[in-house]
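Okay, here's what each chain looks like letter by letter:
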Amino acid sequence: MKILFDDKEYEINAAQNTICKSLKILLPLTMKLSRSGGHEYYASLPRELNVTDAESTSHVKSGWLYYFKDWNAFALNFKEMDIAPYKVYVLAEISGGIENALQDAPGTIEIRVLE
């Protein structure tokens, strides 16, 4: 999978697990993401992902994708942070330095997620 943002392509290093497979079914996706909490951009997905065998965490890493089931939210993090008591499901690491591009991005961005 890959993300297109600001005329650049970033590779998504997705695991072959149920949550990533359920994301792939939704592709291609064009989403408007909103900046939140000084560490992420997020948007609601068209439907919930299957989290049956997914790893959850309260420690998010810069340059990683997460899924917040409570809000059905796709989250793209650009800053490492402890978000306890919240937990998110790990989707994938993104290569290519997207976290650097997001540091100074505006409050709302548009991305495309492709297989």
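Everything in this summary refers to the structure shown in the same document. The shown structure was predicted, so the numbers you read here are calculated from the model rather than taken from an experiment.

The rules behind each value
- Residues numbered from 1 in each chain as written.
- Predicted model: local features only at pLDDT ≥ 70, side-chain atom pairs only at ≥ 80, totals over all residues.
- Heavy atoms only, no water.
- Helix = DSSP H or I, 4+ residues; strand = E, 2+ residues; numbered from the N terminus.
- Rg over C-alpha atoms; globule rule 2.2 N^0.38 Å.
- Contact = heavy atoms within 4.5 Å.
- Areas by Shrake-Rupley, 256 points an atom, 1.4 Å probe, with all protein chains shown as cover.
- Lys, Arg positive; Asp, Glu negative; His and termini not counted.
- Charge placed at Lys NZ, Arg CZ, Asp CG, Glu CD.
- Pairing = 2+ DSSP bridges.
- Salt bridge = Lys/Arg side-chain N within 4 Å of Asp/Glu carboxyl O.
- Buried < 20%, exposed > 50% of the residue type's maximum accessible area, 1.4 Å probe, protein only.

Once that is clear, we can look at the overall build of the protein chain. Within the protein chain, the regular secondary structure consists of 2 helices and 11 strands. Counting helices and strands in the order they occur from the N terminus, the protein chain gives β-β-α-β-β-β-β-β-β-β-β-α-β. Over its C-alpha trace the protein chain gives a radius of gyration of 13 Å, about what one expects of a compact globule, namely 13 Å for 115 residues. The long-range fraction of contacts in the protein chain, counting pairs at least 24 apart against all pairs at least 6 apart in sequence, stands at 65%. When the accessible surface of the protein chain is summed, it comes to about 6000 Å², and 45% of that surface belongs to carbon and sulfur atoms. Separation between the mean location of the 12 positive side-chain charges and that of the 16 negative ones in the protein chain comes to 3 Å.

Below, the discussion takes up the pairing of strand β3 (residues 29-36). Successive residues of a regular strand alternate their side chains across the two faces of the sheet. Relative to strand β11 (residues 108-114), β3 is paired through 6 bridges, and the arrangement is antiparallel. Note that in β11 the partner of Lys32 across the bridge is Glu110. As paired strands, β3 and strand β4 (residues 40-44) are joined by 3 bridges and run antiparallel to one another. When the sheet's bridge partners are listed, Ser36 is paired in β4 with Glu40. If you look at the hairpin formed by β3 and β4, you'll find 3 residues sitting between the two strands, and Gly37 has a positive phi there, around 65°.

Throughout the structure, instances matching the rule amount to 3 salt bridges. Glu9 is the partner of Lys2 in a salt bridge, and the nearest nitrogen-oxygen pair spans 3.6 Å. Judged by its relative accessible area of 22%, Lys2 falls in the partly exposed class. Note that Glu110 is salt-bridged to Lys32, the shortest N-O span being 3.3 Å. You can see Glu110 sitting in strand β11 and its partner Lys32 sitting in strand β3, a full 78 residues away along the chain.

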